[in-house]
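# Notes for the structure review
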Amino acid sequence: MIEVEHLSKIYGSTPAITDVTFNVEKGEILGFLGPNGAGKTTTMRILAGYLPASSGTARIAGFDVHENSLAVRQKIGYLPETPPLYPEMTVEGFLHFVARIKGVPAGDRPAKVKAAIERCNLQQKRRVIIRKLSKGYRQRVGIAQAIVHDPPAIILDEPTVGLDPRQIIEVRNLIKSLAGTHTIILSTHILPEVSMTCNRVTIINRGKVVATDTPEHLLTQLTVGSGYELEIEGEASLAKQMLQNLPGVKLVESITAAALPSHTPIQDGRIYLRVISQPGTEPGKEIAAALLRTGFSLYEMRRVSATLEDVFLQLTTEENISGNEADSTITDEEEAA
Ligand SMILES: Nc1ncnc2c1ncn2[C@@H]1O[C@H](COP(=O)(O)OP(=O)(O)OP(=O)(O)O)[C@@H](O)[C@H]1O
């Protein structure tokens, strides 16, 4: 339904996105995830036909966004970061207006507006002036204006920014209810948004796609993974070597003091290790038995699960290392948390 191939955009001499390629299948919700400045809005605006690309192509329902921009605008609903609302209009009046400019025939407009109002749970507010609505309701009106002409594809740029936790849940549920009948791209810099809402995720950093996959698959593909954290006494290199050879163990690494949970009392002579298991295995019993058999004292053993946050940090950090530049990724993640 949405096909993006080798898309690039350069502002002056600054590349905002470079060689971006991804697809979204019919009925799917794709999360477009990246830190601030990664190039999400630029990509969304090109797809919505509001900005020409410097090179590459994007097609929506088979129509090229540049060559057939009018047809594309009929096929998509777009919610920009700041919803384009007319504050002095009523919700219903505004949606009628949008339906008209989106080319919905006059006879069909009442039914389309009613459907969008119901879908976005705005029945109680349909006669209210937009200026008087809370931010959460305004965001629903923003989504209603994106879907009022019943487009097959919907592009939502950071739809939950600035909402309170209850409103965030409501908007996420609304987006999920649109999947299946609609194809959705949802841009966000908030990780939980992706794992809670999306079937697949494209991760973008510094204008380049660094991964596209299901959230579950991303977790198993990378060196981050589920495993165990250990506090033991003994020689670190011997423990690592011994554990590394156990069946089901993928990786053994030291945990630095800075990475330990803040409540951990660091004891002299103790070593702290993270053992990452092979996907689908649970070598906990073997690890404990091997440690005791070889004379290491085991003080603590905790199961740990990888999160999408680990994947995101790993991918964006690898990108930074290869780009050899500092980045604000950690700050963005702290913000997201
Ligand atoms: N009109 C513009 N002129 C010049 N540079 C721009 C312009 N718009 C965006 N950029 C730059 O392009 C890059 C990508 O910006 P973009 O807004 O697409 O990122 P984003 O992922 O949407 O970030 P955010 O989450 O902060 O909105 C950034 O480095 C930004 O500074």
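Fair warning: this is a prediction, and the values are worked out from it, not measured in the lab.

## Notes on the nonpolar core
L95 and V141 are the most contacted members of the largest nonpolar core, which has 42 residues in total. The contact partners of L95, leaving out residues within four places of it in the chain, are V113, I117, V141, A144, Q145 and V148. Formed by 25 residues, the second largest nonpolar core is a distinct cluster that contains F32, A48, Y78 and I185.

## Here we look at the pattern of salt bridges
Scanning the entire structure with this criterion turns up 16 salt bridges. The salt bridge partner of E3 is R59, with a shortest N-O separation of 3.7 Å. With a gap of 56 residues between them, E3 in strand β1 (residues 2–11) and R59 in strand β4 (residues 55–60) connect regions that are remote in the sequence. For E3, a relative accessible area of 28% gives the class partly exposed.

## Notes on the environment of P80
Position of P80 relative to the elements: it lies in the loop between β6 (76–79) and α3 (91–101). The buried category is assigned to P80, whose relative accessible area is 18%.

## What to know about the layout of surface pockets
Here the second largest pocket defines a volume of roughly 340 Å³. Elements with a contribution of two residues or more to the lining of the second largest pocket: α2 (69–75) and α3. Here the lining of the second largest pocket takes four residues from α3, the largest share from any one element.

## Quick notes on the packing of helix α5 (residues 135–147) against helix α6 (residues 165–178)
It is at 10 Å that the axes of α5 and α6 come closest, and there the two elements cross at 15°. Taken together, α5 and α6 sit at an angle that is classed as roughly parallel. Regarding α5 and α6, the two cross each other, and that crossing is right-handed. Along the contact surface, α5 presents G136, R140, I143 and I147, while α6 presents Q167, E170, V171, L174 and L178. Across the contact of α5 with α6, the residue classes break down as five nonpolar, two polar and two charged.

Definitions and limits used
Within each chain, residues carry numbers counting from 1 in the order of the written sequence. Totals for whole chains, interfaces and linings use every residue, but because this is a predicted model, local features are given only for residues with pLDDT of at least 70 and side-chain atom pairs only at 80 or more, for both listing and counting. Hydrogens and water are ignored here; the side-chain numbers use all heavy atoms of the structure. Here, nonpolar core means buried Ala, Val, Leu, Ile, Met, Phe, Trp, Tyr and Cys residues that are tied together by side-chain atoms lying within 4.5 Å of each other. We call a residue buried when its accessible area falls under 20% of the maximum for its residue type, exposed when it is over 50%, and partly exposed in between, using a 1.4 Å probe and counting protein chains only. Contacts were defined at the residue level, with two residues in contact if any of their heavy atoms lie within 4.5 Å. Any carboxyl oxygen of Asp or Glu that lies within 4 Å of a side-chain nitrogen of Lys or Arg is treated as forming a salt bridge with it. Elements are defined by DSSP. Helices are runs of H or I of four residues or more, strands are runs of E of two residues or more, and each kind is numbered from the N terminus. A 1.4 Å probe that fits but cannot get out identifies a cavity on a 1 Å grid over protein atoms alone, an open set with protein on both sides within 12 Å along at least five of seven lines counts as a pocket, and a residue lines either if it has an atom within 4 Å of a point. Grid points are joined across faces, edges and corners, and a volume is the space filled by probe spheres set on the points. Fitting a line to C-alpha atoms yields each axis, with helices limited to the stretch in contact; the angle taken between N-to-C directions then spans 0 to 180 degrees. For classification, angles of less than 35 degrees are called roughly parallel, those exceeding 145 degrees roughly antiparallel, those between 65 and 115 degrees roughly perpendicular, and all remaining angles oblique. Working rule for handedness: look at the near helix, and if it is turned counterclockwise from the far one by less than a right angle, call the crossing left-handed; if clockwise, right-handed. Residues are grouped as follows: Ala, Val, Leu, Ile, Met, Phe, Trp, Tyr, Cys and Pro are nonpolar; Asp, Glu, Lys and Arg are charged; all remaining types, including Gly, are polar.

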